[in-house]
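The residues making up each chain are set out below.
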Amino acid sequence: MRVKFALALLLIGLVVISAGCIGGGSKESTPTTSSTTSSQTQTTTSAAQTTTTTTTTTTSPQTTTTSTPSIPKVSIGEIGNYVGKNVSVEGLLLGISYDSANHVYVISMGENGAKINVTAKRGLLSVLNPLEVGVGSKILVTGEVESQEQLSAGEIEVVEKKAPTTSEIKDISSGMLGKIVVIEGNVVSTKKIGSNLKLTVTDGTGEIVVFIPGSVVKELSNETLSGLKGGLGVKIGGYVDEYRGTLEVIPYIPEAIIAYGEPLQIETTTTTTTTTTTTTSTQTQTEVQWVTVSELSSASGTVQLNATWVKLYYSKPNYLIEVSDDTGRVNLTAEREILPNPIKVGTGSVLHLVVDASSMKVLNLSAVSPQPSPLLSTANVTAELLGKTVVVQGTVSDFKTIGANLKFLVVDGSGNITVFVPSSVASKLPEDVKSRLQDGASVEIGGYVTEYKGTIEIIPYSVEGIEILT
């Protein structure tokens, strides 16, 4: 009996042990975690009950979008607020020069009287072909602002072209330094200076040096190079520069040089002043007597002299032109029609004068040594300059018609100046100038300084003294 009871207990123990083995040997197991990049599974098992809990977490890849800030377009007068930043500015092309110290070209831009210098590598100037894009063209420059007055260009775009006119060489002067010009004539001589080329070109009115930098020479075609020889015709565009007292035209891209490969027919211009004495039976030519300023008062008839132009005044119905030389100073009367272009030939120029000594009236004049009128800010046109010729640039404001006369202000960044256009000039203005001469127009005005009822004015006495820049 006891043996049967013991065997029963043994069997019950084995069953319990077997159940423990089947249950994993523990009432509560340690969670097992399996991780992947996209899900996480958690499993819990017990002896009495097996529970599996699965938690899935989806991870979405993160995308970062970086937007490029837009480049603001600002006016030239505002660039001082953007030093160190990239901007776009639009304005008029005023001129080009070369900064040899920093090996960059410098473009002068203007807008509403404000001006800046834009530095640029030569490669950016390819859009500014001087045979097609002249002073007054509208350009858009994008780049980094270096200072209130300077921008380093990264891109240049021509918005509106103003085609340059072909200049006569005799009219190119030191007052045009940096201006873009086009000349056409025959090569007088060619000289190689290192990798550069130096040409002398004549158009019949004079001669000028054309300096072609080596960087441009190496990009010229063989056909063009073979045409840059003495006696052959060329057309060249570039900016006016001065080297050791000699004026030069500098073409800065190869497209600015056209070699015709044959001579151009040009006429040599000479000026001869003579008087003719007529008698009943003969006609003879006599040379006009040369005098000095001090000898004018004792001279008679028609005489000629060279003298420096000092001042200009108006004394109805003619102008008074004051000239001087080493012997003295004198006022001569002159009609408006014979006075020179004030932008190109102003006070300080040496003039050749043909004078009726009896009436002290100038019969004819020409510039022996032209001195362009200085370009000044309006604030610098003061009473100290009365009688002197000057040039200002800016925007027209307060435009008025007073009878047959015109009156307006020229406003630039420094202030403003009154411009009075007399009827004798206003009536002869070209129609395209007259129609555009109104408030908001960008202009260049050349004339003499005068004073009217306490107000300083500039009088453009010639239609050539009024240029519309936009």
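Structure's up top.
Anyway, here's the lowdown on the structure attached to this text. Quantities reported herein were computed from a predicted structural model and do not represent experimental measurements. (Residues numbered from 1 in each chain as written. Predicted model: local features only at pLDDT ≥ 70, side-chain atom pairs only at ≥ 80, totals over all residues. Heavy atoms only, no water.)

## A few points about the pairing of strand 12 (residues 207–212)
If a strand is regular, its side chains alternate between the two faces of the sheet.
Here's step 1: Sheet topology note: the strand 11 (residues 196–202)/strand 12 ladder contains six bridges and is antiparallel. Among the inter-strand pairings, Val-201 is bridged to a residue of strand 12, identified as Ile-208.
Here's step 2: Here strand 11 folds back onto strand 12 in antiparallel fashion, the turn holding four residues, of which Gly-204 has a positive phi close to 95 degrees.
Here's step 3: Sheet analysis places strand 12 next to strand 14 (residues 246–250), joined by two bridges and oriented parallel. Looking at the pairing, Val-209 lines up with Glu-248 of strand 14. (Pairing = 2+ DSSP bridges. Helix = DSSP H or I, 4+ residues; strand = E, 2+ residues; numbered from the N terminus.)

## Some points on the side chain of Asn-405
Here's step 1: With respect to the element layout, Asn-405 can be found in strand 25 (residues 405–412).
Here's step 2: Within the structure, Asn-405 has its side chain in polar contact with the backbone nitrogen of Ser-423 (distance 2.8 Å).
Here's step 3: The contacts of Asn-405, once residues within four sequence positions are left out, are Lys-400, Phe-420, Val-421, Pro-422 and Ser-423. (Polar contact = N/O pair within 3.5 Å; in protein donor to acceptor, adjacent residues only side chain to side chain. Contact = heavy atoms within 4.5 Å.)

## With respect to the layout of surface pockets
Here's step 1: By volume, the largest pocket amounts to about 1,300 Å³.
Here's step 2: Val-135, Lys-179, Ile-343, Glu-444 and Glu-467 are the residues nearest the centre of the largest pocket, which is lined by 47 residues in total.
Here's step 3: Those elements that place two or more of their residues in the lining of the largest pocket are strand 5 (86–99), strand 6 (104–111), strand 7 (114–120), strand 10 (180–193), strand 24 (389–402), helix 5 (431–436) and strand 29 (466–468).
Here's step 4: Considering only residue class, the lining of the largest pocket consists of 22 nonpolar, 14 polar and 11 charged. (1 Å grid on protein atoms, 1.4 Å probe; cavity = no way out; pocket = protein on both sides within 12 Å on 5 of 7 lines; lining within 4 Å. Points joined across faces, edges and corners; volume = space filled by probe spheres on them. Nonpolar A, V, L, I, M, F, W, Y, C, P; charged D, E, K, R; others polar.)

## Points about the nonpolar core
Here's step 1: In this structure, Val-89, Ile-96, Ile-107, Met-109, Leu-128, Val-141 and Tyr-252 are the most contacted members of the largest nonpolar core, which totals 28 residues.
Here's step 2: Of all the secondary-structure elements, those providing two or more residues to this core are strand 5, strand 6, strand 7, strand 8 (138–147) and strand 9 (150–160).
Here's step 3: Ranked by the residues each element gives to this core, the list is headed by strand 5, at four residues.
Here's step 4: Here this core spans two domains, since at least three of its residues come from each of domain 1 (73–160) and domain 2 (165–259).
Here's step 5: Look past the residues within four positions of Ile-96 in its chain and what remains in contact with it is Tyr-105, Val-106, Ile-107, Leu-128, Gly-178, Ile-180, Tyr-239 and Tyr-252.
Here's step 6: Counting residues in hydrophobic clusters, the runner-up holds 26 residues, among them Val-293, Val-303, Leu-339 and Leu-353. (Core = buried A, V, L, I, M, F, W, Y, C linked by side-chain atoms within 4.5 Å. Buried < 20%, exposed > 50% of the residue type's maximum accessible area, 1.4 Å probe, protein only. Domains from an automatic or database assignment.)

## Regarding the environment of Val-145
Here's step 1: Looking at where Val-145 falls in the secondary structure, it is placed in strand 8.
Here's step 2: When its relative accessible area of 1% is taken as the criterion, Val-145 is described as buried.
Here's step 3: Spatially, the C-alpha atoms of Val-145 and Ile-79 are 6.7 Å apart, while their sequence positions differ by 66 residues.
Here's step 4: The residues contacting Val-145, other than those within four sequence positions of it, are Ile-79, Tyr-82, Val-83, Gly-84, Lys-85, Val-87, Gln-150 and Leu-151.

## Notes on unusual backbone geometry
Here's step 1: A positive phi angle, close to 50 degrees, is found at Arg-244, a residue other than glycine.
Here's step 2: Judged by relative accessible area, which is 75%, Arg-244 ranks as exposed.

## A few points about the pattern of salt bridges
Here's step 1: Overall, the coordinates contain nine salt bridges when judged by the stated rule.
Here's step 2: Between Lys-400 and Asp-398 there is a salt bridge, and its shortest N-O distance comes to 3.9 Å.
Here's step 3: Put simply, Glu-168, Lys-170 and Asp-171 are held in one network by salt bridges that share partners. (Salt bridge = Lys/Arg side-chain N within 4 Å of Asp/Glu carboxyl O.)

## Focus: empty space enclosed by the protein
To find leftover empty space, one rolls a probe the size of a water molecule over the atoms.
Here's step 1: Inspection of every chain in the model, using the stated rule, returns one cavity of 30 Å³ or more.
Here's step 2: Considering only residue class, the lining of the largest cavity consists of four nonpolar, six polar and two charged.
Here's step 3: When residues are assigned to domains, the lining of the largest cavity turns out to be shared by domain 1 (73–160) and domain 4 (375–468), each giving three or more.

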